[in-house]
Amino acid sequence: MGFFKSIAAGLYGAGVSLRNWLYDLKVLKTTQFDLPVICVGNVAVGGTGKTPTVEFLVEKLGEQYTIAVLSRGYRRRTKGYREVQVGDSFLNVGDEPKQIKRKFPDTVVVVCERRVEAIRRIQQEHPEVNLVIMDDGFQHRSLTPKVSIVLSDYSTPPFQNKMLPAGTLRDNPSQLYRANILIVTKTPATMTPIERNIAQKELRPYPYQAVFFTDVKQAMLKPIFSDVAPTVVPRGSKVVALAGIANPERFFESLESRFEVVEKVAFGDHHTYRVKDIRHLAKLVEEYGEKAVIITTEKDGVKLTSRKHIPKELQEKMYVLPIKLNFRDGDEAQFIDKVIAELKNKQ
């Protein structure tokens, strides 16, 4: 199996390299808008933390810019351009766009597979917008963003990774040269200055690129159904940990530091919850006693809001654990200054 994966990875890598080469030679057309675009992307599949980064940028830049967020709307059942509303089903807009819209209801959030078309529509329908933040799209080279921010998981340096399907790379690590800013995400709390220097060297940054290191910080638990569930979950409570995300281990570990995690339920990334899943969760909570609760991620939480399919006794026990991007070594202000400087750069 490893042999065939290596062959497939070689073919995939050759195709990616050819496509990038054609863009570099300007054989394939790219579009750059006067409306500045920030692309938050990566070169590997899986959860590197793009959505928390987008949310951080919306929060921090919102006072200076009128922002629109653009996403593909992964796994949605609709096609084409669609503006996300707070009450939309995640099935129609995607889980992450709905999460962003619920957090920032006054921000324009759009889903569309064709980024160039989407930005033209945003310009027409929302002339007040003066900054677009694109969630993913580093490989979507038909659009040239003003600022590219590329994320890399600390545990999987890109130059030590392999192309799909032998590894998790969806683009050549050499393409990192196109980024203005590199962010190493999910760094361990115990990271030493030496480990930081090693991680930075492994990215092979160019002199014009700024490198930052982040982890995430937890916010207060929020009940999914705030009208029926208690506001506070006592420390040490029995918890069924639920996650339908890529790489859920860090989420589970964060819960174990505060609660007695009696069960870990993990699904694939972007999992759609079905009736049988709800029944299984209800059975687990009943098994561990009346004080047991379910804690899940924000991305999963937006998919578990249907009162029609969730019995009231389970609604009273369901919580999400919000997270925020946290810059190591107090680099938050430096990061924002770098982003704004790149946005104002006339080149």
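Residues numbered from 1 in each chain as written. Predicted model: local features only at pLDDT ≥ 70, side-chain atom pairs only at ≥ 80, totals over all residues. Heavy atoms only, no water.

(A) How the structure looks around the sheet that holds strand β12 (residues 293-297). Taken together, the 5 strands give an open sheet; going across it, the order is β9-β13-β12-β10-β11, and neighbouring strands pair in mixed fashion. Every other strand in the sheet has two partners, leaving β9 (222-223) and β11 (260-266) as the edge strands with one partner each. The strands touched by helix α7 (residues 249-256) are β10 (238-243), β11, β12 and β13 (318-321); relative to β10, the strand with the most contacts, the crossing angle is about 165 degrees. Strands β10, β11 and β12 of the sheet are contacted by helix α8 (residues 275-287), whose axis makes an angle of about 165 degrees with β11. (Pairing = 2+ DSSP bridges. Helix = DSSP H or I, 4+ residues; strand = E, 2+ residues; numbered from the N terminus. Contact = heavy atoms within 4.5 Å. Axes fitted to C-alpha atoms, helices over the stretch in contact; angles between N-to-C directions.)

(B) Fine view of the environment of Ser254. With respect to the element layout, Ser254 can be found in helix α7. What Ser254 contacts, discounting residues up to four positions off in sequence, is Gln218 and Leu321. Polar side-chain contacts of Ser254 include one of 3.3 Å to the side chain of Gln218. Polar contacts involving the side chain of Ser254 include one to the main-chain carbonyl oxygen of Phe251, which spans 2.6 Å. (Polar contact = N/O pair within 3.5 Å; in protein donor to acceptor, adjacent residues only side chain to side chain.)

(C) Main features of the sheet that holds strand β6 (residues 147-153). Read from one edge of the open sheet, 9 strands run β3-β4-β2-β5-β1-β6-β7-β8-β14, paired in mixed fashion. In the strand order of this sheet, the two ends are held by β3 (82-83) and β14 (323-327), each with one partner. Note: strand β8 (residues 210-218) against β14, 5 bridges, orientation antiparallel. Counterpart to Gln218 in the pairing with β14 is Ile323. Where helix α6 (residues 193-203) meets the sheet, its contacts fall on β6, β7 (181-185) and β8, and the angle it forms with β8 comes to roughly 125 degrees. Along the sheet, helix α11 (residues 332-344) makes contact with β1 (37-42), β5 (131-135), β6, β7, β8 and β14, crossing β6 at roughly 145 degrees.

(D) Expanded view of the layout of surface pockets. Put simply, the second largest pocket is a space of about 430 Å³. Mapped by element, the contributors of at least two residues to the lining of the second largest pocket are α1 (2-24) and β6. Here the lining of the second largest pocket is composed, by residue class, of 9 nonpolar, 6 polar and 5 charged. (1 Å grid on protein atoms, 1.4 Å probe; cavity = no way out; pocket = protein on both sides within 12 Å on 5 of 7 lines; lining within 4 Å. Points joined across faces, edges and corners; volume = space filled by probe spheres on them. Nonpolar A, V, L, I, M, F, W, Y, C, P; charged D, E, K, R; others polar.)

(E) Region of the structure containing α8. Compared with the 18 Å implied by 1.5 Å per residue over 13 residues, the 18 Å span of α8 between its first and last C-alpha is a close match. For α8, every residue scored as buried is listed here: Asp277, Ile278, Leu281, Leu284 and Val285. The arc that holds the buried residues of α8, viewed along the axis, is 125 degrees, so those residues lie on one side. Exposed residues on α8 whose side chains face more than 90 degrees from its buried face are Lys276, Arg279, Lys283, Glu286 and Glu287. Against the buried residues of α8 lie β10, β11, β12 and α10 (312-315). (Expected span 1.5 Å × (residues − 1). Buried < 20%, exposed > 50% of the residue type's maximum accessible area, 1.4 Å probe, protein only. Arc of directions from axis to C-beta.)

(F) Representation of α11. With 13 residues, α11 extends 19 Å from end C-alpha to end C-alpha; this agrees with the ideal 18 Å at 1.5 Å per step. Within α11, the full set of buried residues consists of Phe335, Ile336, Lys338, Val339, Ile340, Glu342 and Leu343.

(G) Up close: the packing of aromatic side chains. Applying the stated criterion to the full structure yields 8 aromatic pairs. With centroids separated by 5.2 Å and ring planes inclined at 50 degrees, the aromatic side chains of Phe56 and Phe327 adopt a geometry described as tilted. Of this pair, Phe56 sits in helix α2 (residues 50-61) while Phe327 sits in strand β14, and the two are 271 residues apart along the sequence. Residue class for Phe327 comes out buried when judged on its relative accessible area of 6%. Between the aromatic rings of Phe267 and Tyr273, the centroid separation amounts to 5.5 Å while the plane-to-plane angle is 85 degrees, which identifies the pairing as edge-to-face. Classification of Tyr273 by relative accessible area gives buried; the value is 11%. The rings of Phe56, Phe212, Phe327 and Phe335 are connected pair by pair, giving a single aromatic cluster. Directly above the ring of Tyr81 sits Arg121, whose terminal nitrogen or CZ lies 4.0 Å from the centroid. (Phe/Tyr/Trp six-rings, centres within 6.5 Å; stacked < 30°, edge-to-face > 60°. Lys NZ or Arg CZ within 6 Å of the ring centre and 35° of its normal.)

Purely spatial values, then, with no claim about function.
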